[in-house]
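What follows is each chain in one-letter form.
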Amino acid sequence: MALARNRRSNRSVDYWPGFVDALATLLLAIMFLLTVFVIGQFILTREISGKDEVLNRLNSQIAELTQLLALEKGNTQDAEDMIASLQASLSSAEAARSRLQALLDAGAGASDSAQAQIGALSEDLEAERQLSARAQNQIALLNQQIAALRAQLAAVEEALEVSEAKDEASQARIADLGRRLNVALAQKVQELNRYRSDFFGRLRQILSDRENIRIVGDRFVFQSEVLFPSGSDELNEDGRVELGKLADALLEIVPEIPEDINWVLRVDGHTDDVPIRPGGQFADNWELSSARANAVVRYLISEGVPANRLVAAGFAEYQPIAEGNSPEARAQNRRIEFKLTER
């Protein structure tokens, strides 16, 4: 019985080595990914640090050149001070030599000592002269370097002056062109105003100064009731007749307007401040004013007015010409305006 249990125990599967191998493989994969990530970060860091090093080297070179110029100026001043000191020493030595020579002439007993002192002073004087010559050579070299720097600065200033002169000339040309453009635009506006006056004069004659059709400023105003039923964008019969007269007047004046005047007839739709009832044809006064302006434009096109000379716009109740909410004010604000203007 015990032997049978031992045999069954030997035949059971041991999963632990396979689990260890899988875990080791997973750890190796994670280590490989971490290694790739670290290598990528290292390469990216080196590239960024390389660019920073180049920028730092350039800044260092600029600082070194600035320090070198300051140092050269300081060396020039030091050399000049040294020359002045050497010249003072030379003058003192020559004075001492003169005194010794006088003592030599006055007393023969002190001749040997005086000659020895004169020789020593002469050697000192020669050494100082050589030092002065070297200092003068250094000063000459520094002066050459300063002259070269000044020449470079002069070239930069000259180039800057040339650039400023070109900029001033360009600004002058731009100002002249702007002045000419303003003059031309003013002339076109004056011409357009003249044709607008002719157009409005003809409309006034054609429409016989009706009370609900009038001129307000630079606009010809039709009350909406002349053209449309209440709350609708469908032109009524009277509206078609009046718009036909307007189209005839516009077609008469179109050939007289020069081709270079880019004019349009703007049709603006306006409503009063009474909200549109829910569930109606239009969601709000914006849609109603735009639809009426578009309806007028489409009818004028059908009457032969060029489509590229017409513009439709809707303003709802936000551009009133009469203040208040009385029936009279609201009637004046319900209108279609025509304006002959530039595109």
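Treat the numbers as computed from the prediction; the structure is a model and nothing was measured.

Enquirer: Help me out: how do you make sense of unusual backbone geometry in this one?
Expert: Both trends apply: most residues other than glycine have a negative phi, and most peptide bonds are in trans. Located in the positive-phi region is Ala316, a residue other than glycine, with phi close to 50°. Positionally, Ala316 belongs in the loop between strand S4 (310-314) and helix H7 (327-333). Take Ala316: its relative accessible area is 1%, and that puts it in the buried class.

Enquirer: I would appreciate a short explanation of a negative patch on the surface in the present structure.
Expert: A surface patch of negative charge is lined by Glu157, Glu158, Glu161, Glu164, Asp167 and Glu168. Looking at the element boundaries, Glu158 is found in helix H3 (residues 111-207).

Enquirer: Even after reading the chapter, I still don't get the nonpolar core, so can you show me in this structure?
Expert: For soluble globular proteins, nonpolar side chains are generally found buried alongside one another. Of all hydrophobic cores here, the largest spans 28 residues; its most connected members are Phe222, Leu227, Leu265, Val296, Leu300, Ile336 and Phe338. Ranked by the residues each element gives to this core, the list is headed by helix H6 (residues 285-302), at six residues.

Enquirer: Please clarify how the side chain of Ser232 should be interpreted in this entry.
Expert: By the secondary structure assignment, Ser232 is in the loop between helix H4 (224-227) and helix H5 (237-253). Note on Ser232: relative accessible area 14%, which makes it buried. Separated by 3.0 Å, the side chain of Ser232 and the backbone nitrogen of Glu234 make a polar contact. Ignoring anything within four residues of it in the chain, the contact list for Ser232 reads Leu288 and Arg292.

Enquirer: Would you explain H6 in this entry?
Expert: Residues three or four positions apart in an α-helix share a direction because the helix packs 3.6 residues into each turn. Taking 1.5 Å of rise per residue, the 18 residues of H6 would be expected to cover 26 Å, and the 26 Å separating its terminal C-alpha atoms lies within 8% of that figure. Of the positions making up H6, those classed as buried are Asn285, Leu288, Ser289, Ala291, Arg292, Ala293, Ala295, Val296, Val297, Tyr299 and Leu300. Taken together, the buried residues of H6 touch H4, H5, strand S3 (263-270), S4 and strand S5 (335-342). Near the N-terminus of H6, the side chain that reaches the backbone nitrogen of Trp286, with its oxygen 3.2 Å away, is that of Asp284.

Enquirer: Got a minute to help me understand the packing of aromatic side chains in this structure?
Expert: The way to describe two aromatic rings as a pair is by their centre distance and the angle between their planes. Scanning the model with the defined rule gives three aromatic pairs in all. Each ring, one from Phe222 and one from Phe338, has its centre 5.3 Å from the other, and the planes form 75°; the classification is edge-to-face. Of the two residues, Phe222 is situated in strand S2 (residues 219-223) and Phe338 in strand S5; the sequence distance between them amounts to 116 residues. Classification of Phe338 as buried rests on a relative accessible area of 0%. In this structure an aromatic cluster arises from ring pairing among Phe220, Phe222 and Phe338.

Enquirer: Mind showing me how you'd approach H5 here?
Expert: Between its terminal C-alpha atoms H5 stretches 25 Å, which fits the 24 Å expected from 17 residues at 1.5 Å a residue. Where H5 begins, the side chain of Asn236 points an oxygen toward the backbone nitrogen of Asp238, at a separation of 3.3 Å.

Enquirer: How should I be thinking about the sheet that holds S4 in this particular structure?
Expert: Within a beta sheet, neighbouring strands are joined by backbone hydrogen bonds and run either parallel or antiparallel to one another. If you trace the five strands from one edge of the open sheet to the other, you get S1-S2-S5-S3-S4, paired in mixed fashion. Two strands in the sheet have a free side with no partner beyond their single neighbour: strand S1 (213-216) and S4. Neighbour-to-neighbour, the strand axes of this sheet turn through a mean angle of 25°, independent of strand direction. Pairing of S3 with S5 involves eight bridges; the strand directions are antiparallel. Residue pairing across strands places Leu265 opposite Leu340, the latter belonging to S5.

Conventions we followed
Residues numbered from 1 in each chain as written. Predicted model: local features only at pLDDT ≥ 70, side-chain atom pairs only at ≥ 80, totals over all residues. Heavy atoms only, no water. Helix = DSSP H or I, 4+ residues; strand = E, 2+ residues; numbered from the N terminus. Buried < 20%, exposed > 50% of the residue type's maximum accessible area, 1.4 Å probe, protein only. Patch = residues over 30% accessible without salt bridge, like charges linked within 9 Å, V, L, I, M, F, W, Y side chains within 5 Å. Areas by Shrake-Rupley, 256 points an atom, 1.4 Å probe, with all protein chains shown as cover. Salt bridge = Lys/Arg side-chain N within 4 Å of Asp/Glu carboxyl O. Lys, Arg positive; Asp, Glu negative; His and termini not counted. Charge placed at Lys NZ, Arg CZ, Asp CG, Glu CD. Core = buried A, V, L, I, M, F, W, Y, C linked by side-chain atoms within 4.5 Å. Polar contact = N/O pair within 3.5 Å; in protein donor to acceptor, adjacent residues only side chain to side chain. Contact = heavy atoms within 4.5 Å. Expected span 1.5 Å × (residues − 1). Phe/Tyr/Trp six-rings, centres within 6.5 Å; stacked < 30°, edge-to-face > 60°. Pairing = 2+ DSSP bridges. Axes fitted to C-alpha atoms, helices over the stretch in contact; angles between N-to-C directions.

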